[in-house]
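# Structural features, examined
Here is how the chains run, residue by residue.
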Amino acid sequence: MKFFQKELKLQAYSRGFHLITKNILQAIPEISQIKIGQLQVFIKHTSASLTINENADPTVRLDFESHMNGMVPENQSYYQHTFEGSDDMPAHIKASLMGTSVQIPITDGKLNLGIWQGIYLCEHRNRASRRQLVLTAFGNELF
């Protein structure tokens, strides 16, 4: 069994949902050496998250942002953690709801995503910094 692990520092993204599948594939080309395995993508932050969803129609990502803002509104009187701004506590809640990692099967050296699936960075802050991911690929060798 082979194990590969890389850290990927993404550029700072605006608030919203962003496809990052290509960034991940460029950062860990060793996936091509795995016949059957898994890729785990983990985000090292508490105010951004990861998910997998449609990679074709950008309105899906806009609708995600709109829906999450309705589910977890800013400026609620019961929020106590507000030192970093009105988006701070909602960003933490959204990150917990969406999750900090995704797992994707690797088959014959490629991510085994559905035809319409892509990996999203879910940026929940108005003024986000660069986000850091840990990419861990493991499985049986292809060759």
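Residues numbered from 1 in each chain as written. Predicted model: local features only at pLDDT ≥ 70, side-chain atom pairs only at ≥ 80, totals over all residues. Heavy atoms only, no water.

### Thoughts on the packing of aromatic side chains
Worth spelling out the cut-off: Any two of the Phe, Tyr and Trp rings considered here, Trp counted by its six-membered ring, make a pair once their centres fall within 6.5 Å; the pair's planes then place it as stacked at under 30 degrees, edge-to-face at over 60, or tilted in between. Helix and strand definitions follow DSSP, with helices as H or I runs of at least four residues and strands as E runs of at least two, each counted in order from the N terminus. Note on classification: 1.4 Å probe, protein chains only; a residue is buried when its accessible area is under 20% of the maximum for its type, exposed when over 50%, partly exposed between these limits.
Applying the stated rule across the entire model yields five aromatic pairs. Centre to centre, the rings of phenylalanine 17 and tyrosine 120 are 6.3 Å apart; their planes meet at 75°, and the pair counts as edge-to-face. Residue phenylalanine 17 is located in strand β2 (residues 16-19), and its partner tyrosine 120 is located in strand β7 (residues 117-123); the two are separated by 103 residues in the primary sequence. One exposure class covers both phenylalanine 17 and tyrosine 120, and it is buried. Between tyrosine 78 and tyrosine 79 the ring centres are 5.1 Å apart and the planes differ by 75°, which places this aromatic pair in the edge-to-face class. With relative accessibility at 12%, the residue tyrosine 79 sits in the buried group. Taken together, the aromatic side chains of Phe17, Phe64 and Tyr120 make up a single cluster linked through ring pairs.

### Things to note about the nonpolar core
Quick note on the threshold: What makes a nonpolar core is a set of buried Ala, Val, Leu, Ile, Met, Phe, Trp, Tyr and Cys residues whose side-chain atoms join them at distances within 4.5 Å. Any two residues whose heavy atoms approach within 4.5 Å are treated as being in contact.
Ile20, Ile24, Ile28, Leu39, Val41, Leu133 and Leu135 are the most contacted members of the largest nonpolar core, which has 24 residues in total. Secondary structure elements with two or more residues in this core: β1 (2-9), α1 (21-27), β3 (34-43), β4 (48-54), β5 (101-107), β7 and β8 (132-141). A per-element tally of this core places β3 first, with four residues. Setting aside its immediate chain neighbours within four residues, leucine 135 contacts Phe4, Gln5, Lys6, Leu8, Ile24, Ala27, Ile28, Leu39, Gln40 and Val41. Membership of the second largest hydrophobic core comes to six residues, among which are Val60, Met68, Met98 and Tyr120.

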